[in-house]
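Single-letter residue listing:
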Amino acid sequence: SITKNQPPAPHPKLKYIICTIMPLWQIYHPPGVFEDAETKAALAADITNLYTSVGLPAFYVVVHFNTISPTNVYVGGTSKDQTSKPFIRIIIKHIAIRLDNDTETYRKTAGMIDKAIKTHIYDKDYDCEYHVEETERNLWKFNGLIPPEHKSEEHEVWVRENKPLSYEGAYWSPEKEGIRSFD
């Protein structure tokens with residue numbers, strides 16, 4: 001089941017996979033890893049496929065590659081420049097629909113993430129750590145538009161067109177609701 005006040009899952013597999021909207025992947029890596037456009041594009045494509053395979057628009061998926069010197073990364077108080085293996089740290093942020101709070105759902109979700117990064121990280125024998133954050137949907141907008149509810153008619157248009165489009169209810173502002181701003 002989905003957290004209270006959330007729309008139902010649009011796909012039968014969604015009970016067991018990431019069913020959140022607007023994934024942001026922040027990938028921190030040392031120099032020499034994910035340096036060329038082809039390598040980055042291949043990983044970004046596999047990450048995007050993770051989400052589009054369950055009906056989300058590709059433009060929801062954002063991947064940032066952040067090169068960071070191993071001398072600036074410490075794990076357990078030890079600099080990663082003292083190890084021979086590249087260390088990859090990934091922060092994944094999801095918005096909108098929360099995963100069920102049960103071990104099976106979390107393990108299946110982690111398994112799908114593992115599958116997406118396998119050939120790019122695990123098969124290369126890199127050290128890797130990741131975590132997933134589920135953030136608040138109510139503070140999320142695209143070009144000033146409130147994203148439509150998952151599986152709504154408006155959402156299906158966004159999926160089909162692969163871009164944010166205006167719809168009835170897409171705009172909200174404090175002034176529109178008669179709420180004083182913070183000034």
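Keep in mind the model is a prediction, meaning the values are calculated, not measured.

Would you explain the overall build of the protein chain in this entry?
What the protein chain contains, in helices and strands, is 3 helices and 6 strands. Listed N to C, the secondary structure of the protein chain is β-α-β-β-β-β-α-β-α in terms of helices and strands. Of all 183 residues assigned to the protein chain, the portion counted as buried reaches 35%. Taking the contacts inside the protein chain whose residues are at least 6 apart along the sequence as the reference set, 74% of them involve residues at least 24 apart.

Would you mind going over the packing of aromatic side chains with me for this structure?
Following the criterion strictly, the structure yields 10 aromatic pairs and no others. Centre to centre, the rings of F34 and F65 are 5.6 Å apart; their planes meet at 55°, and the pair counts as tilted. Linking F34 in the loop between β1 (21–29) and α1 (37–52) with F65 in strand β2 (residues 62–67), this pair joins segments that are 31 residues apart in sequence. The exposure class assigned to F34 is buried, which follows from its relative accessible area of 3%. Among the aromatic side chains, those forming a connected cluster through ring pairs are F59, Y60, W140, F142, W158 and Y167.

Quick question: what am I supposed to make of the pattern of salt bridges here?
When the charged atoms of two side chains with opposite charge come close together, those side chains can pair. Enumeration according to the criterion identifies 8 salt bridges in this entry. The salt bridge partner of K80 is D127, with a shortest N-O separation of 3.7 Å. Here D127 lies in strand β6 (residues 127–135) and K80 lies in the loop between β4 (78–79) and β5 (87–95), a separation of 47 residues in the sequence. Residue K80 is classed as buried on the basis of its relative accessible area of 14%. Since its relative accessible area comes to 26%, D127 is described here as partly exposed. Members of the salt-bridge network, linked through shared partners, are K80, K85, D125 and D127.

Whenever I open this one, the confidence of the model for the protein chain confuses me. Can you help?
Interpretation of this model should avoid reading the predicted coordinates in detail wherever pLDDT is low. Scored by pLDDT, the protein chain comes out at a mean of 83, with 81% of its residues at no less than 70. Per-element confidence in the protein chain is highest for β2, whose mean pLDDT is 97, and lowest for β1, whose mean pLDDT is 87. Across residues 1–21, confidence stays below pLDDT 50; counting only partners more than four residues off in sequence or on other chains, it has 56 contacts.

It is not clear to me how the nonpolar core should be interpreted in this structure. Could you clarify?
Inside soluble globular proteins, nonpolar side chains tend to come together where they are buried. Ranked by internal contacts, the top residues of the largest apolar core, which has 19 residues, are W25, I27, I47, Y51, I88 and I90. Taken together, the elements giving at least two residues each to this core come down to β1, α1, β5 and α2 (103–117). Broken down by element, the residue count for this core peaks at 4 residues, all from α1. If we ignore the near neighbours within four places in the chain, the residues touching I47 are W25, I27, V61 and V63. I95, W140, L145 and W158 belong to the second-largest nonpolar core, a separate cluster that totals 11 residues.

Would you mind going over the packing of α1 against α2 with me for this structure?
When two helices pack together, their arrangement is given by the angle between the helix axes and by the axis-to-axis distance. Interaxial distance between α1 and α2 falls to 8 Å at its minimum, and their mutual angle equals 150°. Relative to α2, the element α1 is oriented roughly antiparallel. Relative to α2, α1 is oriented so that their crossing is right-handed. Here L43, D46 and L50 of α1 come into contact with α2, specifically with M112, I113, A116 and I117. For the contact of α1 with α2, the residue count by class is 6 nonpolar, no polar and 1 charged.

Help me understand α2, please; the structure alone is not making it clear to me.
Each α-helix winds once per 3.6 residues, and so residues spaced three or four apart point in a common direction. Taking 1.5 Å as the rise per residue, α2 with 15 residues should run 21 Å; its terminal C-alpha atoms sit 21 Å apart, in good agreement. Buried within α2 we find T105, T109, I113, A116 and I117. Projected down its long axis, α2 shows its buried positions confined to an angular sector of 105°, all on one face. Exposed positions of α2 whose direction lies more than 90 degrees from the buried face are R107 and K115.

Calculation rules
- As a convention, each chain's residues are numbered from 1 in the sequence order in which they are written.
- Reporting in this predicted model follows two pLDDT cut-offs: at least 70 for local features of residues, and 80 or more for side-chain atom pairs to be given and counted; totals over whole chains, interfaces and linings ignore these cut-offs and use all residues.
- As a rule here, side-chain values cover all heavy atoms of the structure and leave hydrogens and water aside.
- Each helix is a run of H or I in the DSSP string that is no shorter than four residues. Each strand is a run of E no shorter than two, and both are numbered from the N terminus.
- The buried label applies to any residue whose accessible area, calculated with a 1.4 Å probe on protein chains only, is under 20% of its type's maximum; exposed applies above 50%, and partly exposed to all values in between.
- Note on definitions: a residue-residue contact is assigned when non-hydrogen atoms from the two residues lie within 4.5 Å.
- Classification of ring pairs rests on two measures: the distance between centres of Phe, Tyr or Trp rings, Trp counted by its six-membered ring, which must be within 6.5 Å, and the angle between planes, read as stacked under 30 degrees, edge-to-face over 60 and tilted in between.
- Throughout this description, the term salt bridge denotes a Lys or Arg side-chain nitrogen within 4 Å of a carboxyl oxygen of Asp or Glu.
- Per-residue confidence from the predictor is given as pLDDT, running between 0 and 100.
- In this text, buried Ala, Val, Leu, Ile, Met, Phe, Trp, Tyr and Cys residues form a nonpolar core when linked through side-chain atoms within 4.5 Å.
- A fitted line through C-alpha atoms represents every axis, and for helices the fit uses only the stretch in contact; the resulting angles, taken between N-to-C directions, go from 0 to 180 degrees.
- Oblique is the label for any angle not covered by the other classes, which are roughly parallel (under 35 degrees), roughly antiparallel (over 145) and roughly perpendicular (65 to 115).
- Should the near helix be turned counterclockwise from the far one by less than a right angle, the crossing is left-handed, whereas a clockwise turn marks it as right-handed.
- Amino acid classes used here: Ala, Val, Leu, Ile, Met, Phe, Trp, Tyr, Cys and Pro are nonpolar; Asp, Glu, Lys and Arg are charged; the rest, including Gly, are polar.
- In this scheme, a helix's expected span is set at 1.5 Å multiplied by one less than its residue total.
- Along the arc lie the directions from the helix axis toward the C-beta atoms.

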